[in-house]
Amino acid sequence: MKANCDYCMNYVYDDEYECYTCLINLDEDEMYRFISGRFNDCPYYKQGDEYKIVHKQI
């Protein structure tokens, strides 16, 4: 699956570092691909659903 980190639930803004980071503990090879922008087939990709909580309330 081709995954775009911008839409992943694990890709969040870190106030301490003032940048977006991945919440998953990546190993050395995965981290290199992530930083270099070649992390296309992410096994941890999870589509973000901002309205999931709203669906439960209805």
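Below is a short write-up of the structure. What you are looking at is a predicted structure, and each value in this text was computed from that prediction instead of being measured. (Residues numbered from 1 in each chain as written. Predicted model: local features only at pLDDT ≥ 70, side-chain atom pairs only at ≥ 80, totals over all residues. Heavy atoms only, no water.)

1. Concerning the packing of aromatic side chains
Moving on, step 1. All told, the structure shown has 3 aromatic pairs when counted by the stated rule.
Moving on, step 2. Arranged with centres 6.1 Å apart and planes meeting at 75°, the rings of Tyr11 and Phe34 form a pair that is edge-to-face. Within this pair, whereas Tyr11 is found in strand E1 (residues 11-14), its partner Phe34 is found in helix H1 (residues 28-36), the two being separated by 23 residues in sequence.
Moving on, step 3. The class of Tyr11 is partly exposed, set by a relative accessible area of 22%. (Phe/Tyr/Trp six-rings, centres within 6.5 Å; stacked < 30°, edge-to-face > 60°. Helix = DSSP H or I, 4+ residues; strand = E, 2+ residues; numbered from the N terminus. Buried < 20%, exposed > 50% of the residue type's maximum accessible area, 1.4 Å probe, protein only.)

2. Description of the nonpolar core
Moving on, step 1. Counting 6 residues, the largest nonpolar core is built from Cys8, Leu26, Phe34, Phe39, Cys42 and Tyr45.
Moving on, step 2. When near neighbours in sequence (up to four residues on either side) are disregarded, Leu26 contacts Met31, Phe34, Phe39 and Tyr44. (Core = buried A, V, L, I, M, F, W, Y, C linked by side-chain atoms within 4.5 Å. Contact = heavy atoms within 4.5 Å.)

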